[in-house]
Structure formats: C-alpha cells, structure tokens
Amino acid sequence: MMEDFSQRTVEGLKAYTLFRLALPAFQSFLDINVGKEVEKDRMVITRAATVLQSGIKPGPAHVAALLQEARKIDQTFLRKASVFPIDIQIQYQDIERYRQQRIELLLQTSYRILTQWQNVSSFRAAVNELYSESQFRDLLQDILMLYARETRMLSRSVRIPHLLTLARDAITQAISNVMEQQAEALAKSLALTVYRRSS
C-alpha cells in the first residue's frame, strides 16, 4: 500500500514543472523514505501478531516501544539520505503526534484483523466481518492521511538557506495536496478490491 501510495504521489507531482525537472533525484529520495515507512508498518503488524500470541491486548506501552523502534529506523534512513545535498535534523516534537496516532491505529487495526482471521479462511473474510466497505475505506484513508501529515511536518526538518524557505513551503504544500488527493483515491481503490473479491 505504501509503495503504491508513493508511486501515485510521484505521478501526481508530474503536473508540477519543478518536480518534472527534479523527478529522478526526488523519486530516489522518496523511495528511501517510503522504504523506512514500510519497515515501520511491518514492525507494527509483527508486534500486533506477537501481542495476540501472548494472549494480551495492545496498549500504550506497546505504542511507546514502537515509537522508540521507529526512531532507530529513522537513523538508518538518515544515513541513506546523506548522499543527497540536504541536511535533515528530525524534529520529533513536530512529527511524533501524527506518528503515534498512525502507530496506534495500525496496531489496533492489525490486532483486530489478526484476531478475526483465526475464525475465518482469509484476510478478506476477516476484514469483511469487522468493517463495512466504507468503514474500511475510511480506515485506510486515515492511515495514509496521518502519513501525509507526518511527511509534511518532516519537511521542516530539512535545513536549507533562509532565502529558499518560501520555495520549500510551496513545494511542501504541493506534495501535501497531492498526497491527500491520492490517499482518498487509493483508499477507495483498495477497499473496492477487498470487498469485490470477498463478496
């Protein structure tokens, strides 16, 4: 889902001349960024499975531990991103409330689906038992929108000359607009696929 979201965002940004000119470098950077988010999501889903196997429910302590693990993944991202001519100093006070909300939502959702999956034959059947199509669509959109908001706040961590701040703000707004549009479209597409095949 995250890789599809990234590709849709890149395609949407092609409408902007600035991004068409800088697309190869930007897409390489975005690929690294998405890679770290896929790793974080995998970590959250795996934690949901571990919690389920232990016979307890996910809670604040699990979220706090996942937030710390996410910071470790960030450090790997920063090392990979060091090849680009930018300086990133992550301001966690800006991004972590969105990250925490996304982790909580993904952890609880994964736990619910994995729990239900024990009683049915497939992932789609489990989702169908738990949510209506519109509920599942909204859930996916919420997860993607929280990622988009975190990405927007992360842009403040990119250090650039003061004179270029207005340009950065314009670029950030363009990325945010495209991500929000694509979040809605992708959530709708994924929900339609799950419910079409499970009905």
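Residues numbered from 1 in each chain as written. Predicted model: local features only at pLDDT ≥ 70, side-chain atom pairs only at ≥ 80, totals over all residues. Heavy atoms only, no water.

Helices and strands together make up the secondary structure of the protein chain, namely seven helices and two strands. Along the protein chain, helices (α) and strands (β) appear in the sequence α-α-α-β-α-α-α-β-α when read from the amino end. For the protein chain, the residues scored as buried account for 43% of the 199 residues in total. Of all intrachain contacts in the protein chain linking residues separated by at least 6 positions in sequence, the fraction that spans at least 24 positions is 77%. If you sum the accessible surface of the protein chain, you get close to 11000 Å²; carbon and sulfur atoms cover 53% of it. (Helix = DSSP H or I, 4+ residues; strand = E, 2+ residues; numbered from the N terminus. Buried < 20%, exposed > 50% of the residue type's maximum accessible area, 1.4 Å probe, protein only. Contact = heavy atoms within 4.5 Å. Areas by Shrake-Rupley, 256 points an atom, 1.4 Å probe, with all protein chains shown as cover.)

With that settled, consider the environment of L186. You can see L186 is positioned in helix α7 (residues 165–198). Assessed through its relative accessible area of 0%, L186 is described here as buried. Each C-alpha atom of the pair L186 and M2 lies 9.9 Å from the other, and the pair is 184 residues apart in sequence. Sequence-distant contacts of L186, defined by excluding residues within four places in its chain, comprise M1, D4, F5, R8 and L144.

Evaluation of the coordinates by the stated rule reveals twelve salt bridges. The salt bridge partner of E37 is K40, with a shortest N-O separation of 3.2 Å. Here K40 and E37 lie together in helix α2 (residues 17–54), a separation of three residues that amounts to about one turn. Take E37 and K40: they sit in the same class, and that class is buried. A salt bridge links R137 to D138, with the nearest nitrogen and oxygen atoms 3.6 Å apart. Overall, R137 belongs to the partly exposed group, its relative accessible area being 30%. Note on D138: relative accessible area 37%, which makes it partly exposed. Each of K36, E37, K40, D41, D74, R99, R102 and E150 takes part in a single network of salt bridges with overlapping partners. (Salt bridge = Lys/Arg side-chain N within 4 Å of Asp/Glu carboxyl O.)

Time to look at the environment of V44. Along the chain, V44 falls in helix α2. Residues V44 and A70, 26 residues apart in the sequence, show an inter-C-alpha distance of 9.6 Å. Apart from the residues lying within four places of it in its own chain, the contact partners of V44 are L66, I103, L106 and L107.

Quick look at the environment of I103 now. Mapped onto the fold, I103 is located in helix α4 (residues 92–117). Setting aside residues up to four positions removed in sequence, I103 forms contacts with V44, V63, L66 and L67.

Confidence in the prediction of the protein chain, expressed as mean pLDDT, is 85, and 85% of residues score 70 or more. For the protein chain, per-element mean pLDDT is lowest for strand β2 (residues 158–159), which scores 64, and highest for α4, which scores 95. (pLDDT = per-residue confidence, 0-100.)

Time to look at the side chain of E96. Within the secondary structure layout, E96 lies in helix α4. Owing to a relative accessible area of 16%, E96 belongs among the buried residues under this scheme. For E96, the residues in contact, after removing those within four places along its chain, are L67 and R71.

Here the focus is the nonpolar core. In this structure, M2, F5, V34, L144, Y147, M179 and A183 are the most contacted members of the largest nonpolar core, which totals 16 residues. Listed by contribution, the elements that provide at least two residues to this core are α1 (2–13), α2, α6 (133–154) and α7. Looking at this core element by element, the count peaks at five residues for α7. Residues in contact with Y147, not counting those within four places in the same chain, are M2, F5, N33, V34, E37, R102 and M179. Counting residues in hydrophobic clusters, the runner-up holds 15 residues, among them M43, V51, L52 and L67. (Core = buried A, V, L, I, M, F, W, Y, C linked by side-chain atoms within 4.5 Å.)

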